[in-house]
Amino acid sequence: LKFDPERFNKTVICPRHKMAYFPFGGGHRICIGKNFALQQIMLILTTIFQRFDVHSLQKEKPQQLPLVSLKQLHGINATITHTKRL
């Protein structure tokens, strides 16, 4: 019930149950706002990628971890530059 950015610290996560953070829930009690939230993030990303150029600095393909959502094993290094196009 409070803002605590340390809750996602890797040393704190380990003893926590793996389903302690499940953003939209599942089964019969799944969040009714799930589809709206996913649509919003697609619109936000589309807007960002229209206004910025993103270039990967990695030569090899990132390794993916199939969790609740896809996560990159070592992150993704990229440069982001603002463009003049609208």
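Residues numbered from 1 in each chain as written. Predicted model: local features only at pLDDT ≥ 70, side-chain atom pairs only at ≥ 80, totals over all residues. Heavy atoms only, no water.

## What to know about the overall build of the chain
Point 1. Along its length, the chain carries two helices and four strands.
Point 2. Ordered by position in the sequence, the α and β elements of the chain form the string α-α-β-β-β-β.
Point 3. Across the 86 residues that make up the chain, the buried fraction comes to 3%.
Point 4. Relative to all contacts within the chain whose residues are 6 or more apart in sequence, the contacts with residues 24 or more apart total 42%.
Point 5. Put simply, the chain shows about 8400 Å² of open surface, and 62% of that area lies on carbon and sulfur atoms. (Helix = DSSP H or I, 4+ residues; strand = E, 2+ residues; numbered from the N terminus. Buried < 20%, exposed > 50% of the residue type's maximum accessible area, 1.4 Å probe, protein only. Contact = heavy atoms within 4.5 Å. Areas by Shrake-Rupley, 256 points an atom, 1.4 Å probe, with all protein chains shown as cover.)

## Here's the deal with a nonpolar patch on the surface
Point 1. A surface patch of nonpolar side chains, about 800 Å² in accessible area, is lined by Leu-38, Ile-41, Met-42, Ile-44, Leu-45, Ile-48, Phe-49, Val-54 and Ile-80.
Point 2. No other element matches helix 2 (residues 34-51), which puts seven residues into the nonpolar patch.
Point 3. Mapped onto the elements, Leu-45 comes out in helix 2. (Patch = residues over 30% accessible without salt bridge, like charges linked within 9 Å, V, L, I, M, F, W, Y side chains within 5 Å. Salt bridge = Lys/Arg side-chain N within 4 Å of Asp/Glu carboxyl O.)

## A short note on the side chain of Gln-72
Point 1. Mapping Gln-72 onto the fold places it in strand 3 (residues 70-72).
Point 2. Those residues in contact with Gln-72 that sit more than four places away from it in its chain are Pro-62, Gln-63 and Gln-64.

## Looking at the environment of Gln-63
Point 1. As for its placement among the helices and strands, Gln-63 is situated in the loop between strand 1 (52-56) and strand 2 (64-66).
Point 2. Separated by 11 residues in sequence, Gln-63 and His-74 have C-alpha atoms that sit 7.5 Å apart.
Point 3. Aside from chain neighbours lying at most four places away, what touches Gln-63 is Lys-71, Gln-72, Leu-73 and His-74.

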